[in-house]
Structures are given as structure tokens and as C-alpha cells.
Amino acid sequence: MINRIKYLRISLLNSCNLNCFYCRPPQQENDTYVTKNYDNFQNSIKLLHTLGVEKIRFTGGEPTLYKQLPELIQFVKKTNPDIHTAMTSNAILLKKKAKTFADAGLDSVNISIDTLDENRFCSVTGRNKYKDMIDGIKESIKYIPKVKLNTVLIRGTNDDEAHDLIQFANKLKVDIRFIEFMPTKLNSENSDQYISGDEIKASLPYDFKPIKNDPSTAARYETSSDLDINVGFINPVSHSFCAMCNRIRLTSDGRLYGCLFSGESFNLFDALAKGYDVATNEVHQLVANKQYKGCSRKTGDSAFFPSFVNMGG
Ligand code: SAM
């Protein structure tokens, strides 16, 4: 048993159908459907559930591009129907696929939305797909039991939209969370783009009151008499929540990481090929050495900057 570790995030692929400037370097659109490593993902899930994982989030890249995602969700639910299955998506393909994922057993989806301005969407993502995102959000609300919106506010890019985004979420009756812009290979030298969650909150015209939070979730939720929804603030840079961390992360090439901001990892697919005992030992070792020291920018440790498109945000 890996005691506190309950939550596995799997980056199924590092392809995406958007090219958000702050997430991945400019490159050709690559929305080919991928089926790589399906058996390895199944075996990894089986082992890590045996060791205590109770919640699995599929991310990427863009997880909806992974051809066998419905089968993988079904596999998780067949392994144990009580495992919570979640996904983080840009929603571009969800108009077509939300029902398929829901039918397979997807319990929740977090949808990334950084702007409500169509032109700005094009300049942030490099793609003319704003309407697909909006349609995908609406279709997800119809079929997937729990939908939340996630926004990364970046100074000089979309920091004037927090209020409009909350109003948008409120109309749809879905919670929205603001995630602090974290340092990566792409943005570490541009820290003036970073805005703290406290600054965002202070700029908003609501009488926020904190609600009781599950201590292991990263978001701190607030409510307001003017809103029907909760607004969450995920502040990994300004207020480290490492002490409560219950996560590990698997990348599409099989590397298991204890933390987004630690370079320590091993290849779980290779370890599983040597046998469950070998893999179990390596998982125990990784978890025992898991670091709880915040984001690199805060600690001044610049040795390892994650790439979200590979590690999964
Ligand atoms: N393609 C999916 C999506 O767009 O939600 C899943 C993968 S994407 C890497 C997951 C999330 O990571 C997105 O919400 C994105 O905004 C966020 N992200 C990327 N780079 C980030 C950074 N430097 N700081 C904070 N969040 C970041």
C-alpha cells in the first residue's frame, strides 16, 4: 500500500489539437488518433489501484485524441466501479464525444477555457476553434455527471477576463477555478506574466466566503451571495499545497513521477515488463522519496521545469 497516494494522473499522449503558446512550443497541428501503449496503461492502472489509487485523471496533450480512451475508462470501471474517473480536456472534440465518454463511465471533466473572445482564443491557441470549445462545454454539461472549468490567467494576455469567465460559468451553473501560471521550460524567464490567486480574487467584485474544502484537493473554493456556483483558486506558486498532496503522474512513455516539479521518475512500463514485484518495489521507492517542496520558481530550484504538454496539467 502506498499510503497517502490515492490519485493517479495519466498523460495519455503528448499530441494536442491546440498550440497554446504557454503550454507547448509552436509546431504542426497533430490531431492524429493515437492508440500507443494501451496494454501498458491497463497494467499500470491495475498495479497502482492494487497499491491504493482510487481516482484516475486522463490528461495529455489532449486526451480526447487517444483513440481507446472509452475502452480505458470502461476498463477502470470494470476493475473497480468505485474508482473515480476524470479527464482534463480543451473540449474541442467533446461536442462529438462527450456522450461516448459518459457512457463509458467518465465521472467528471475539467475543461480548460482561458478566454471568451474568439480572436484572443485564436492568438492564444493558434487555432480557429473557439466555437468547437463552446459547443464541447455545452455537450459535456448534458452528459458528463460533473463538469468544471479551469482558467489560467496570464498578465497581459487574459487577465481582464476573470469576471466575464465567472459570469459565463454562473450562467452554465458549473464551478470555475483559476490556476496560477506555473513556471515551465517555456515561461520561467517571463515571471512578470504570473498573477497570484490572491490578486485575482481581490480584483473581483464578489463578497467571497470560503467554503469547507476537501483538504486533499488543490482548489480552495469560495462562494458569494451573487453567484450560484463556487469559484476555486488553485495557488501552487503562492501557497504551496504540497503537504496534502496525494498524487502521482504517469506520462505517455511510461515514466512515473512523484511530482510535477521533481525530475525523479522511473519507467513503469519497463518495470512491469520485469514483473509486478519489481514494479511494486520501484513504486514504493518513488513514493518514499516523493518531494513536497512546491513549484520551482518559489523554491529557486531551476534544475527541473516540467513541460505540461508532456507531463499533463
Ligand atoms: N489538453 C488538455 C487541456 O487543455 O485541458 C489537457 C492538458 S493541458 C496541459 C492541462 C492544463 O494545463 C490546461 O488547463 C493548461 O491551461 C494548463 N497549463 C499549461 N501550462 C501551464 C502553466 N505553465 N501553468 C499552469 N497551467 C498550465
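Look up: the structure comes first, before these words.
The set of residues buried in helix 3 (residues 94-104) consists of Leu94, Lys97, Ala98, Phe101, Ala102 and Ala104. Projected down its long axis, helix 3 shows its buried positions confined to an angular sector of 150°, all on one face. Of the exposed residues in helix 3, the ones pointing more than 90 degrees away from its buried face are Lys96 and Asp103. The elements touched by buried residues of helix 3 are helix 2 (69-79), strand 3 (84-89), strand 4 (108-112) and helix 5 (130-143). Immediately downstream of helix 3, the backbone of Gly105 shows phi near 120°, a positive value.

Once that is clear, we can look at the sheet that holds strand 7 (residues 209-210). Pairing is mixed in the open sheet, where 12 strands are placed in the order 7-8-9-6-5-4-3-2-1-10-11-12. Edge positions in the open sheet fall to strand 7 and strand 12 (265-267), since each of these has one partner strand only. As paired elements, strand 8 (residues 220-223) and strand 9 (residues 231-234) share three bridges and run antiparallel to each other. Considered in strand 9, the bridge of Tyr221 is made with Gly232.

The subject of this paragraph is the packing of aromatic side chains. By the definition in use, this model includes eight aromatic pairs. For the pair Phe21 and Tyr22, a centre-to-centre distance of 5.6 Å together with 85° between the ring planes defines the contact as edge-to-face. Given the relative accessible area of 17%, Tyr22 is considered buried. Both rings, one in Tyr206 and one in Phe208, keep their centres 5.5 Å apart while their planes meet at 50°; by these two values the pair is tilted. In this pair, the class of Tyr206 matches that of Phe208, namely buried.

What follows deals with the side chain of Asn158. Secondary-structure assignment places Asn158 in the loop between strand 5 (146-152) and helix 6 (162-172). Among the residues examined, Asn158 registers a relative accessible area of 2% and is labelled buried. Within polar-contact distance, the side chain of Asn158 engages the backbone nitrogen of Ile154 at 2.7 Å. Setting aside residues no more than four positions away along its own chain, Asn158 makes contact with Asp114, Arg120, Thr151, Val152 and Leu153.

Our focus in this paragraph is unusual backbone geometry. The phi dihedral of Asn37 falls on the positive side, at around 65°, and the residue is not glycine. Along the chain, the position of Asn37 falls in the loop between strand 1 (7-11) and helix 1 (38-50). Taking relative accessible area as the criterion, Asn37 reaches 23% and is therefore assigned partly exposed.

The environment of the ligand is made up of 17 residues, and the closest members are Tyr22, Gly61, Glu62, Ser112 and Met182. Between an oxygen atom of the ligand and a side-chain N or O atom of Tyr22, the distance comes to 2.7 Å. A distance of 2.9 Å separates a nitrogen atom of the ligand from a polar atom in the side chain of Glu62. When the ligand is considered free in solution it has 560 Å² of accessible area, and contact with the protein chains removes 94% of it. When its residues are assigned to classes, the shell around the ligand shows six nonpolar, nine polar and two charged.

Ranked by size, the top nonpolar core spans 97 residues in total, and within it Phe58, Leu256 and Leu268 carry the most contacts. Excluding anything up to four places from it in sequence, Phe58 contacts Ile10, Leu12, Ile45, Pro63, Leu69, Leu72, Ile73, Val76, Ala86, Met87 and Thr88.

A separate point is the pairing of strand 6 (residues 175-179). The buried count for strand 6 comes to five of five residues, which makes it a mostly enclosed element. Here strand 6 shows two buried faces, one formed by Asp175, Arg177 and Ile179 and the other by Ile176 and Phe178. In this view, the connection linking strand 5 to its parallel neighbour strand 6 by way of helix 6 has right-handed handedness. Judged from the four bridges that link them, strand 6 and strand 9 form a sheet pairing that is parallel.

Reading guide: rules and limits
- Residues numbered from 1 in each chain as written.
- Predicted model: local features only at pLDDT ≥ 70, side-chain atom pairs only at ≥ 80, totals over all residues.
- Heavy atoms only, no water.
- Buried < 20%, exposed > 50% of the residue type's maximum accessible area, 1.4 Å probe, protein only.
- Helix = DSSP H or I, 4+ residues; strand = E, 2+ residues; numbered from the N terminus.
- Arc of directions from axis to C-beta.
- Contact = heavy atoms within 4.5 Å.
- Pairing = 2+ DSSP bridges.
- Phe/Tyr/Trp six-rings, centres within 6.5 Å; stacked < 30°, edge-to-face > 60°.
- Polar contact = N/O pair within 3.5 Å; in protein donor to acceptor, adjacent residues only side chain to side chain.
- Near = heavy atom within 4 Å.
- Areas by Shrake-Rupley, 256 points an atom, 1.4 Å probe, with all protein chains shown as cover.
- Nonpolar A, V, L, I, M, F, W, Y, C, P; charged D, E, K, R; others polar.
- Core = buried A, V, L, I, M, F, W, Y, C linked by side-chain atoms within 4.5 Å.
- Right-handed = clockwise from strand over helix to strand, strands pointing away.

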